[in-house]
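Structural characterization, general
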Amino acid sequence: MSRPQAPGKSLPAAETKVFGVLAEYDSTHALLAASEKIRDAGYKKWDTHTPFPVHGIDEAMGIRRTILPLIVLICGLTGCASGLLLQWWTSSVDYPVIISGKPMFSIPAYIPVTFELTILFSAFGAVFGMLGLNRLPLFYHGVFNSRGFSKRMTTDRFFISIEAIDPKFDASKICEMLRGNGAIEVEVVEEPAQAFLPPTLRRWGISALVVLGVLALIPPALIARSRSRTSENTRLQLMWDMDQQPKFKAQSVNPLFADGRAMRPQVPGTVARGEAFADDHLNKGLVHGQFAKTNALPVTETLARRGQHLFGIYCSQCHGLDGYGHGPVAVRAERLQEGSWVAPLSMHDQVVKDREDGHIFNTITNGIRTMPAYGDQITIRDRWAIVAYIRALERSQDARIEDVPADRRGELP
Amino acid sequence: MPHETPKELLRLNEAAPRLFRNACLLGIAGLVVSLLIAVSVDGGVKRAYHSYLMNFCYFLSLSLGGLVFVMIQHLSRAGWSVVVRRISEAVAANVLFLVVLFVPILFGMHHLFPWTREELVASDPLLQWKQPYLNVPFFIIRCLIYFGVWCGLSYFLLRWSQEQDDSRSPALTLRMERWSAPGILLFAITVTFASFDLLMSRDPHWFSTIYGVYYFGGSFLGFVSLLPVIFFALRLNGYIRRSVTAEHFHDLGKLMLGFTVFWAYIAFSQFLLIWYADLPEETGWYARRLEGQWGWLSFLLLAGHFIIPFIGLLFRYPKRRLRYLAPWGLFILVMHWLDLYWLSMPEFYWGVEGADTGVIPFHLLDLTTLLGIGGFFLAGTIQWLRDCSLIPEGDPRLKESLSFENA
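This brings us to the overall build of chain B. For chain B, the count of helices and strands is 17 helices and zero strands. A compact globule built from 407 residues would reach a C-alpha radius of gyration of about 22 Å, and chain B, at 21 Å, matches this within 12%. Along the three orthogonal principal directions, the C-alpha set of chain B runs to about 70 × 40 × 40 Å. Counting all 407 residues of chain B, 56% fall into the buried class. Look at the contacts in chain B between residues 6 or more apart in sequence, and 82% of them connect residues 24 or more apart. For chain B, the separation between the mean place of its 31 positive charges and that of its 30 negative charges on side chains is 10 Å.

In this assembly, 12 residues from chain B lie in contact with 12 residues from chain A. For the pair chain B and chain A, the two sides together bury roughly 1,000 Å², of which 73% comes from carbon and sulfur. Of all residues in chain B, Phe268, Trp275 and Tyr276 of chain B bury the most surface against chain A, accounting for 47% of the area lost on that side. One can count zero salt bridges joining chain B with chain A. Run the count over chain B and chain A and you get two residue pairs in polar contact (both at pLDDT 80 or more). Of all the elements, helix 11 (residues 246-277) of chain B adds the most residues to the side of chain B that touches chain A, at six residues. Considering only residue class, the side of chain B that touches chain A consists of eight nonpolar, one polar and three charged.

Moving on to the sheet that holds strand 2 (residues 46-49) of chain A. Residue and element names in this part refer to chain A. Judged by pairing direction, the sheet is antiparallel, and its four strands sit side by side in the order 2-3-1-4 without closing on themselves. One side of each edge strand has no neighbouring strand; the edge strands of this open sheet are strand 2 and strand 4 (185-192). Taken pair by pair, the neighbouring strands of this sheet meet at an average axis angle of 25°, ignoring direction. Relative to strand 3 (residues 158-163), strand 1 (residues 16-25) runs antiparallel, the two sharing six bridges. Looking at the pairing, valine 21 lines up with isoleucine 162 of strand 3. Sheet contacts for helix 1 (residues 28-41): strand 1, strand 2 and strand 3; angle to strand 3, the most-contacted strand, approximately 20°. Contacting strand 1, strand 3 and strand 4, helix 6 (residues 171-179) crosses the sheet at an angle of about 10° to strand 1.

Attention now moves to helix 13 (residues 292-314) of chain B. Along its 23 residues, helix 13 of chain B runs 33 Å from first to last C-alpha, staying within 8% of the 33 Å computed at 1.5 Å per residue. At its buried positions, helix 13 of chain B is contacted by helix 10 (211-236), helix 11, helix 12 (280-290), helix 14 (316-319) and helix 15 (322-344) of chain B.

Once that is clear, we can look at the domain arrangement of chain A. You can read the domains of chain A as domain 1 (1-194) and domain 2 (280-397). The C-alpha centroid of domain 2 of chain A is placed 97 Å from the C-alpha centroid of domain 1 of chain A.

The next point concerns the packing of helix 4 (residues 107-133) of chain A against helix 11 of chain B. In contact at an axis separation of 9 Å, helix 4 of chain A and helix 11 of chain B are set at 135° when each is read in the N-to-C sense. Of the possible angle classes, the one that applies to helix 4 of chain A and helix 11 of chain B is oblique. Of the two elements, helix 4 of chain A crosses helix 11 of chain B, and the hand of that crossing is left-handed. Of helix 11 of chain B, the residues touching helix 4 of chain A (which contributes Pro108, Ala109, Ile111, Pro112 and Phe115 of chain A) are Tyr265, Phe268, Phe271, Leu272, Trp275 and Tyr276 of chain B. Split by residue class, the contact of helix 4 of chain A with helix 11 of chain B holds 11 nonpolar, no polar and no charged.

Once that is clear, we can look at the packing of helix 3 (residues 68-94) of chain A against helix 4 of chain A. Residue and element names in this part refer to chain A. Between helix 3 and helix 4, the shortest axis-to-axis distance is 7 Å and the interhelical angle comes to 145°. Where helix 3 crosses over helix 4, the handedness of that crossing is right-handed. When its residues are assigned to classes, the contact of helix 3 with helix 4 shows 16 nonpolar, 13 polar and no charged.

Each disulfide is one covalent bond, formed between the sulfur atoms of two cysteines. Residue and element names in this part refer to chain A. Inspection of the entire model under this criterion finds zero disulfides over all chains. Summary of cysteine pairing: cysteine 75 is not part of a disulfide, and the nearest cysteine sulfur, belonging to cysteine 80, is at 13 Å. Among the residues examined, cysteine 80 registers a relative accessible area of 29% and is labelled partly exposed.

Next up on the list: the packing of aromatic side chains. All names here are of chain B. Under the definition given, this model contains 53 aromatic pairs over all chains. Between tyrosine 146 and tryptophan 150, the ring centres sit 6.0 Å apart and the planes meet at 25°, which makes this aromatic pair stacked. You can see tyrosine 146 and its partner tryptophan 150 sitting in helix 8 (residues 136-167), four residues apart, about one turn around the helix. The exposure class of tryptophan 150 is buried, given its relative accessible area of 0%. The ring of phenylalanine 348 has arginine 47 lying over it, and the distance from NZ or CZ to the ring centre is 5.1 Å. Over the face of the ring belonging to tryptophan 285 we find arginine 289, whose NZ or CZ atom lies 3.6 Å from the ring centre.

With that out of the way, let us pick up the nonpolar core. The biggest cluster of nonpolar side chains holds 125 residues, and the ones touching the most others in it are Trp150 and Phe231 of chain B. It is helix 2 (residues 44-75) of chain B that provides the largest number of residues to this core, a total of 16 residues. The next biggest cluster of nonpolar side chains, apart from the first, holds 23 residues, and it includes Ala30, Ala60, Met61 and Ile174 of chain A.

What follows deals with the pairing of strand 3 of chain A. Residues and elements named next belong to chain A. Strand 3 sits mainly inside the fold: six of its six residues count as buried. Burial of strand 3 is two-sided: the residues Phe158, Ile160 and Ile162 facing one way and the residues Phe159, Ser161 and Glu163 facing the other way are all buried. Taken together, the four bridges between strand 2 and strand 3 define a ladder with antiparallel strand orientation. The residue of strand 3 that forms the bridge with threonine 48 is isoleucine 160.

Conventions used here
- Residues numbered from 1 in each chain as written.
- Chains lettered and ligands numbered in written order.
- Predicted model: local features only at pLDDT ≥ 70, side-chain atom pairs only at ≥ 80, totals over all residues.
- Heavy atoms only, no water.
- Helix = DSSP H or I, 4+ residues; strand = E, 2+ residues; numbered from the N terminus.
- Rg over C-alpha atoms; globule rule 2.2 N^0.38 Å.
- Buried < 20%, exposed > 50% of the residue type's maximum accessible area, 1.4 Å probe, protein only.
- Contact = heavy atoms within 4.5 Å.
- Lys, Arg positive; Asp, Glu negative; His and termini not counted.
- Charge placed at Lys NZ, Arg CZ, Asp CG, Glu CD.
- Buried area = accessible area lost by both parts, 1.4 Å probe.
- Salt bridge = Lys/Arg side-chain N within 4 Å of Asp/Glu carboxyl O.
- Polar contact = N/O pair within 3.5 Å; in protein donor to acceptor, adjacent residues only side chain to side chain.
- Nonpolar A, V, L, I, M, F, W, Y, C, P; charged D, E, K, R; others polar.
- Pairing = 2+ DSSP bridges.
- Axes fitted to C-alpha atoms, helices over the stretch in contact; angles between N-to-C directions.
- Expected span 1.5 Å × (residues − 1).
- Domains from an automatic or database assignment.
- Parallel < 35°, antiparallel > 145°, perpendicular 65-115°, else oblique.
- Left-handed = near helix turned anticlockwise from the far one by under 90°.
- Disulfide = S-S within 2.5 Å.
- Phe/Tyr/Trp six-rings, centres within 6.5 Å; stacked < 30°, edge-to-face > 60°.
- Lys NZ or Arg CZ within 6 Å of the ring centre and 35° of its normal.
- Core = buried A, V, L, I, M, F, W, Y, C linked by side-chain atoms within 4.5 Å.

This is the structure we're talking about:
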């Protein structure tokens, strides 16, 4: 049971060498006791392997207190200084901007970032410092060559390994000492004499890595050089997307269309963007800057009837249904003797009769005196419809017999 | 590694009545002297009330810190802290005595809270607007709720723990855990609003939502700093010399360090936003505290309440040695007292015309009321520990606590 075992992998004797001695324990007490013995015997190159942290193992192994807290402290102070320097440089030296009327160098405003960087650097110091001090990640260890170790190390057994490179190493003496020490198993672990890679390959590999490392510095160096110089050449375009977009520009050829033009003509019945208000006659009632003499729309009975309908809704309150200016609002205002009231003109007044269609359209749109503007309530076409109706209304009050179609004159009373 | 309760002095026994009497005498002496000064000095009554409220809030904070400490231990099912829990429970249960000491404050409200003074409210639309909350009947109702919650929680947590000394029933541990969950929620709400009512409303124009957290941070820090001082005093007289070890003090030291930082974090969070926004309705409170002598006190707090203890407690050495940790605890307790002074006293001049607000209105009464309430606080702690062990002997995690080691 306690005789030295052959290494797990059966390698020819010539190709292996002794890694060290491995002892197996089944309790932490035995492990701690054995550790104290080995510590007191003065070994240096040895270690314990446990599936979980064991209290008191540091002391039993004679491990000095870690310097990790010191590393974290230094990292924290570095972070603190970096945070302050960063903000001092950016906010008050390199690009000074007054923010919220605070001084350029304003400690309270800098504290949050300084605090965060202190914490960040401390955390990095703790994590990477721990990994470094433990020499992690570790991809290979001599004890991996023991099958017993590999099987139970992470479950329920505790191990001590003493490496052959220890100056006091003597396999048989150590085996004897450990056996009398509560170990349930002691074995001499052998490992392949040669490292995983042959020495020539290793040397070349290292050289190749060094060369690659140096070569890798060239692109950043070139970039840094070009960034600090001016050049007559067009610039190097690394990202083409924004500069060279896959789109058709004005006056270019587009094979997708039969006529080959990238710019498309206006589709019939549509108005180009921004041209909706180009027709002054229709929109403003103007022709060459003067009030248009005619209606902008073809005058039909339908249009006039539409105008009559709207006149009843919007205009008759003041102007009256007959257009003489006796609508209920006007009548009431007259009765109240309001000083600011301007009575509406009669539609049949010669002044109104002489006005151009465009002028009446403009009055409806923008209002006049006490009459409010109706431009935002009545659509353009409806305003022209009202104009058409007003013209009809005017004619109705001094119509001649000739205005009535000859075949219907008999219907008149 | 000790696995049995070490044979040592774990009961105050015959020392208790003597200690209790002396502490009561100290309390009576402090309050009587305060009363004498108050009635003999011009304006002394108002001054005495201000000192009294401040010192009341100081000792209240220590008790509340103890209460939340106990509840946290239950909620986290902590093993390490069992040996320090009984003292914490006793300190927390002092709230029951503080209720009695709270009564005088109700008679001096017009000295302490400007919103109770009708002539001020009549000329101040803001105070009228706040009347639905800041009025005397509702204030008293709220205080009844606060003290009811605190007394109930602290009394039962102490009593069940004492019951367990004899019965050794793990069911009591579960019961305490179960009550701590809603308890800590109620604690958070009541402490927040109590700090608004007792301290923040002394400047009824000003408001800060983080104020309750600030008071809580100071309270917890004050309490974990009080524990090493108590253990130092007990050890000096031969009590609990072995059960509470360097490992426990190490953890208490870590909490002291952590909450030193927490206090500074919260204090700065409150300051930064107000300083940065620079709004008139908020800056007045800080302007008062940065003016004249108050400015020096503010910087003293920055140094003494944060920087110095932070550096001092950063190292492992003092945290593991009670003879260093207890002085640090005392130091922080002094700073916590100054913090409450800073929090409360600048409002002494609130609504007073032509006062020199840059002067710290220090008065002998600040110290006599400190001794008065402090004496009764000490007496209360001794009273709760009179007939029981100084550590919860029946706790199922006692063994874990006794053999606790920091990794």
